[in-house]
Amino acid sequence: MGAASAPSTVSVGGAISRRELTIYEHNFGFWEIDGQVEQAFFEYVQRQSVQKTCDRCERRVRLMPAKTLCASCASALECGAPRTMSRYRHAGPKTGAGP
Ligand SMILES: [Zn+2]
């Protein structure tokens, strides 16, 4: 602990001023925050979250205590992806260029 460099994943606080904002965080993925309720829940989730290492991709992420996977891994598993990432490193968005 201490005044080490803060993780640069999500910076909350004062940034939410426009009426709609899309934020990515590791518990649930993308958020579309367009009101007080969403913002309050988002801040609640952030407060609950702790520094963890994702069980699958082994990145340092901030997750709620009950969670062991980051949002991208959780959604990948739902789509039938393998539990380990030994073969591929980073699945970027595909541009849809066909053969
Ligand atoms: Zn992960």
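For the structure, see preceding data.
On a predicted model such as this, the values are computed, not experimentally measured, just so you know. Numbering of residues begins from 1 in every chain and follows the order in which that chain's sequence is written. A pLDDT threshold of at least 70 governs which residues receive local features in this predicted model, and a stricter bar of 80 or more applies before side-chain atom pairs are shown or counted, although totals over entire chains, interfaces and linings include all residues.

## Brief notes about the overall build of the protein chain
Item 1. By definition, any uninterrupted DSSP run of H or I lasting at least four residues is a helix, any uninterrupted run of E lasting at least two residues is a strand, and each is numbered from the N terminus. Across its full length, the protein chain carries 2 helices and 4 strands.
Item 2. When burial is assessed residue by residue, the protein chain has 11% of its 99 residues classed as buried.
Item 3. Note on contacts: each residue gets a C-beta atom placed from the backbone, and two residues are in contact if those atoms are within 7 Å. Partitioning the intrachain contacts of the protein chain with sequence separation of at least 6 by distance along the chain shows that 32% fall at a separation of at least 24. Every C-beta atom is placed from the backbone, and the number of other C-beta atoms within 10 Å of a residue's own sets its class: buried at 20 or more, exposed at 12 or fewer, partly exposed in between.

## A few points about the pairing of strand S4 (residues 60-63)
Item 1. The two faces of S4 differ: Val61 and Leu63 on one face are buried, but Arg60 and Arg62 on the other face are not.
Item 2. Bridge count between strand S3 (residues 50-53) and S4: 4 bridges; the pairing is antiparallel. Across the sheet, residue valine 50 finds its bridge partner in S4, namely leucine 63.
Item 3. Hairpin remark: S3 followed by S4, antiparallel, with 6 residues in the connecting loop; positive phi at glutamate 58, about 60°. At least two bridges found by DSSP between two strands is the condition for calling them paired.

## Some points on the environment of isoleucine 33
Item 1. Considering the arrangement of structural elements, one finds isoleucine 33 in strand S2 (residues 29-33).
Item 2. Counting along the chain gives 10 residues from isoleucine 33 to isoleucine 23, while the straight-line C-alpha distance between them is 7.6 Å.

## Here's the deal with the environment of glutamate 32
Item 1. Secondary-structure assignment places glutamate 32 in strand S2.
Item 2. Placed 11 residues apart in sequence, glutamate 32 and leucine 21 show a C-alpha to C-alpha distance of 5.6 Å.
Item 3. Contact partners of glutamate 32, with chain neighbours within four places excluded, come to Glu20 and Thr22.

## Some words on unusual backbone geometry
Item 1. The phi dihedral of glutamate 58 is positive, around 60°, even though this residue is not glycine.
Item 2. Its 12 C-beta neighbours within 10 Å are what place glutamate 58 among the exposed residues.

## Remarks on the environment of arginine 56
Item 1. Tracing the sequence through the fold places arginine 56 in the loop between S3 and S4.
Item 2. Residue arginine 56 is classed as partly exposed on the basis of its 19 C-beta neighbours within 10 Å.
Item 3. Residues arginine 56 and leucine 77, 21 residues apart in the sequence, show an inter-C-alpha distance of 9.7 Å.

## Observations concerning the pairing of S2
Item 1. With 5 bridges joining them, strand S1 (residues 21-25) and S2 adopt antiparallel strand pairing. Looking across to S2, one finds that isoleucine 23 is bridged to tryptophan 31.
Item 2. Where S1 folds back onto S2 in an antiparallel hairpin, the turn is made up of 3 residues.

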